Amino acid sequence: MEQPERPGRSTHGTGRPGGVLVVGEPPRRPHWRQRISTTLDLIRANPTGRIALKVFIAIAGALVVTIGIALIPLPGPGWLLVIAGLGIWAVEFHWARRLLGFTRRHVHGWTRWVTRQSLPLRFVLGIVGLVFVGVAVWLSLKFSLGIDVVAEAKQYLAAR
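Nothing here was measured: the structure is a model prediction, and the numbers come from that model. (Residues numbered from 1 in each chain as written. Predicted model: local features only at pLDDT ≥ 70, side-chain atom pairs only at ≥ 80, totals over all residues. Heavy atoms only, no water.)

## Some words on the overall build of the protein chain
Here is step 1: When you go through the protein chain residue by residue, the secondary structure sums to six helices and zero strands.
Here is step 2: Seen in sequence order, the protein chain has helices and strands lined up from the N terminus as α-α-α-α-α-α.
Here is step 3: Counting over 160 residues, the protein chain shows a buried share of 16%.
Here is step 4: Considering only contacts in the protein chain between residues 6 or more positions apart, those separated by 24 or more positions represent 29%.
Here is step 5: Surface accessibility of the protein chain: about 12,700 Å² in total, with carbon and sulfur atoms responsible for 69%. (Helix = DSSP H or I, 4+ residues; strand = E, 2+ residues; numbered from the N terminus. Buried < 20%, exposed > 50% of the residue type's maximum accessible area, 1.4 Å probe, protein only. Contact = heavy atoms within 4.5 Å. Areas by Shrake-Rupley, 256 points an atom, 1.4 Å probe, with all protein chains shown as cover.)

Set out below in structure tokens:
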């Protein structure tokens, strides 16, 4: 029976010189993330910088979220931009960090649920999604640009 690993105990395959496992060492961040974190900490160290950073993050996040909300009815990256805007806000605002975590959990849960379903059910879900996007595009074109695609299609087919 193997014994559990203890700090300083020799292990095989740990990737450390001498095969010693070091417990409690924090995971290393990628270099670019560490650099961004250090830069943000330097900006936050100055009271003026802290306020300027909050204002900049608030405006940038609002801009991205607004564009994303405007693009939701259209096919494309509407929801992705809304989530990206939440990610920008999450740099400075705790409520956005919590909302982004909530969104991630539910998107991952939905994805796991869909992948466990049978192929016919996934096909039906895909068709429902396409119909939803089609109706959203039709309504967007009809009410924003005044183009009724369905009426145009009927006229085209009646003329032929």
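Still more ground to cover, so stick around.
## Let's talk about the pattern of salt bridges
Here is step 1: Evaluation of the coordinates by the stated rule reveals three salt bridges.
Here is step 2: Notably, a salt bridge pairs Asp-41 with Arg-44, separated by 3.5 Å at the nearest N-O pair. In this pair, Asp-41 and Arg-44 both sit in helix H1 (residues 31-44), three residues apart, roughly one turn of the helix.
Here is step 3: Among the salt bridges present, the one from Glu-92 reaches Arg-44, with a minimum N-O distance of 2.7 Å. Taken together, the positions of Glu-92 in the loop between helix H3 (78-89) and helix H4 (94-116) and Arg-44 in helix H1 put the pair 48 residues apart, joining distant regions of the chain.
Here is step 4: A relative accessible area of 12% means that Glu-92 is categorised as buried. (Salt bridge = Lys/Arg side-chain N within 4 Å of Asp/Glu carboxyl O.)

## Digging into the packing of H3 against H4
Here is step 1: It is at 8 Å that the axes of H3 and H4 come closest, and there the two elements cross at 140 degrees. It follows from the interaxial angle that H3 and H4 lie oblique. Relative to H4, H3 is oriented so that their crossing is left-handed. Across the interface between the two elements, Ile-83, Leu-86, Gly-87 and Trp-89 from H3 touch Trp-95, Ala-96, Leu-99, Leu-100 and Thr-103 from H4. (Axes fitted to C-alpha atoms, helices over the stretch in contact; angles between N-to-C directions. Parallel < 35°, antiparallel > 145°, perpendicular 65-115°, else oblique. Left-handed = near helix turned anticlockwise from the far one by under 90°.)

## Focus: the nonpolar core
Here is step 1: Counting 10 residues, the largest nonpolar core is built from Leu-40, Leu-53, Ile-57, Val-65, Leu-86, Trp-89, Ala-90, Phe-93, Ala-96 and Leu-100.
Here is step 2: When contributions to this core are tallied by element, the ones reaching two or more residues are helix H2 (47-71), H3 and H4.
Here is step 3: A per-element tally of this core places H2 first, with three residues.
Here is step 4: If sequence neighbours within four positions are ignored, Leu-53 has contacts with Leu-40, Ile-43, Arg-44 and Glu-92. (Core = buried A, V, L, I, M, F, W, Y, C linked by side-chain atoms within 4.5 Å.)

## Examining the packing of aromatic side chains
Here is step 1: Within the structure shown, the criterion is met by three aromatic pairs.
Here is step 2: Both rings, one in Trp-110 and one in Trp-113, keep their centres 5.4 Å apart while their planes meet at 25 degrees; by these two values the pair is stacked. Taken together, the residues span about one helical turn, with Trp-110 and Trp-113 both in helix H4 at a distance of three residues.
Here is step 3: Since its relative accessible area comes to 33%, Trp-113 is described here as partly exposed. (Phe/Tyr/Trp six-rings, centres within 6.5 Å; stacked < 30°, edge-to-face > 60°.)

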